[in-house]
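Listed below, chain by chain, are the residues.
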Amino acid sequence: MWRRRLGAFLLRSPPSSSSTAASSCQHRRHHLLPREEPPALNRLARLFTSQAGSDGGNSQKPFIAFVLGGPGSGKGTQCTKIALDFGFAHLSAGDLLRHEIASGSEKGELIVDIIKEGRIVPSEITVELIRKAMEASNANKVLIDGFPRCEENRIAFERIVGREPDIVVFFDCPEDEMVKRLLGRNQGRVDDNIETIKKRLKVFESLNIPVIDYYSSRGKVRKINATGTADEIFEAVCKLFSSLRF
Ligand SMILES: Nc1ncnc2c1ncn2[C@@H]1O[C@H](COP(=O)(O)OP(=O)(O)O)[C@@H](O)[C@H]1O
Ligand SMILES: O=c1ccn([C@@H]2O[C@H](COP(=O)(O)OP(=O)(O)O)[C@@H](O)[C@H]2O)c(=O)[nH]1
Ligand SMILES: [Mg+2]
């Protein structure tokens, strides 16, 4: 049912963290309530809870949401909104890889070639970048955007980080809509060409869908219809995140 014939495209520079005023949803206020308590009370409360707040250190395991969907399904756009409204750290695997490329490292040279071809970067590289970013964020709620891309990624993450995600959010978007969005993204990414897009869509179908199927069989997938405007989709996202305990 989630398998769609996927047709076609991009690599953009680091994430836009912009979010429109219209991005907030009706559930937002409900979620912000605990964070609106006086700071001293918050700090005191954290001393007696099992998980520290994202600004107060995280000595316990964080709540992890993998955010998956085809290229152009809106993962990055929605993650930015979730991070703002629900206080998650947003770790984009693609952005971490692009930062590595920008650093000029030897690894970066390997990564850029892989990304240009729409293939998947070796798991040990990506998992190590994510592990370090999780540690550096010290957050108690983490969105991992665009990872795992394949079963090997998934297994490597679970082995190295020693965790499964708490949930997997799947943005389900028709191929023609994804292609249209990617063509309009215009962020100067090296994978922003028709040839690479075709390959990425094929890779999504053959390698990433099995990861979604795996987590689905474990009852972890929350599918969101990713058609409509970004704000309409975020309404559904808000309903989901408002129902979670983290
Ligand atoms: N619901 C939407 N409708 C139309 N365009 C969208 C929507 N969500 C995101 N976009 C745009 O589509 C492109 C791809 O979105 P992005 O969030 O980068 O997707 P992904 O991270 O899944 O590749 C971006 O240019 C973004 O602004
Ligand atoms: O865990 C990951 C995430 C990304 N990529 C590579 O980086 C590209 C861009 O990924 P990103 O998530 O930024 O693309 P999006 O799906 O958001 O358009 C992918 O096509 C892959 O080549 C990868 O190898 N492993
Ligand atoms: Mg993205």
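Residues numbered from 1 in each chain as written. Chains lettered and ligands numbered in written order. Predicted model: local features only at pLDDT ≥ 70, side-chain atom pairs only at ≥ 80, totals over all residues. Heavy atoms only, no water.

Going by the annotation in an unreviewed UniProt entry, the name recorded for the protein is UMP-CMP kinase, with Panicum virgatum given as the source organism. Regarding the protein, the relevant UniProt record gives this comment under Sequence similarities (unreviewed entry): "Belongs to the adenylate kinase family. UMP-CMP kinase subfamily." (UniProt positions renumbered as here; feature names shortened; annotations may be inferred.)

Here the focus is the site of ligand 2. The environment of ligand 2 is made up of 19 residues, and the closest members are Lys 75, Arg 98, Arg 119, Val 121 and Arg 200. In the model, an oxygen atom of ligand 2 is placed 2.8 Å from a nitrogen or oxygen of the Arg 98 side chain. With respect to ligand 2, the side chain of Arg 189 contributes an N or O atom lying 3.2 Å from an oxygen atom. About the coverage of ligand 2: the protein hides 97% of its 520 Å² of free accessible area. The greatest single-element share of the shell around ligand 2, amounting to four residues, is contributed by helix 4 (residues 93-102). Each residue belonging to the shell around ligand 2 can be placed in one class, and the counts come to seven nonpolar, four polar and eight charged. (Near = heavy atom within 4 Å. Polar contact = N/O pair within 3.5 Å; in protein donor to acceptor, adjacent residues only side chain to side chain. Areas by Shrake-Rupley, 256 points an atom, 1.4 Å probe, with all protein chains shown as cover. Helix = DSSP H or I, 4+ residues; strand = E, 2+ residues; numbered from the N terminus. Nonpolar A, V, L, I, M, F, W, Y, C, P; charged D, E, K, R; others polar.)

A separate point is the pairing of strand 4 (residues 167-172). For strand 4, a buried count of six out of six residues is recorded, marking the element as mostly surrounded by other parts of the structure. Going residue by residue along strand 4, you find Ile 167, Val 169 and Phe 171 tucked away on one face and Val 168, Phe 170 and Asp 172 tucked away on the opposite face as well. Judged from the five bridges that link them, strand 4 and strand 5 (residues 221-225) form a sheet pairing that is parallel. Across the sheet, residue Val 168 finds its bridge partner in strand 5, namely Val 221. (Buried < 20%, exposed > 50% of the residue type's maximum accessible area, 1.4 Å probe, protein only. Pairing = 2+ DSSP bridges.)

This part is about the site of ligand 1. Close to ligand 1 lie 14 residues; Gly 72, Lys 75, Thr 77, Arg 185 and Gly 228 are nearest. Contact between ligand 1 and Ser 73: an oxygen atom at 3.3 Å from a main-chain N or O atom of the residue. Across the complex, the protein chains shield 77% of the 550 Å² of accessible surface that ligand 1 would expose by itself. Every element with two or more residues in the shell around ligand 1 is listed here: helix 3 (75-86) and helix 10 (230-242). At three residues, the largest contribution of residues to the shell around ligand 1 is made by helix 3. Of the residues assigned to the shell around ligand 1, the class counts are three nonpolar, eight polar and three charged.

Bringing the confidence of the model for the protein into the picture now. When pLDDT is averaged along the protein, the result is 83, and 76% of the positions lie at 70 or above. Across the protein, strand 4 holds the top mean pLDDT of 99, while helix 2 (residues 39-47) sits lowest at 35. Note on residues 1-23: pLDDT under 50 across the span, and 93 contacts to partners over four residues away in sequence or across chains. Under a pLDDT of 50 for its full length, residues 29-57 has, in the predicted model, 30 contacts with residues more than four places off or in other chains. Both scores are available for the predicted complex, with the pTM at 0.84 and the ipTM at 0.99. (pLDDT = per-residue confidence, 0-100. Contact = heavy atoms within 4.5 Å.)

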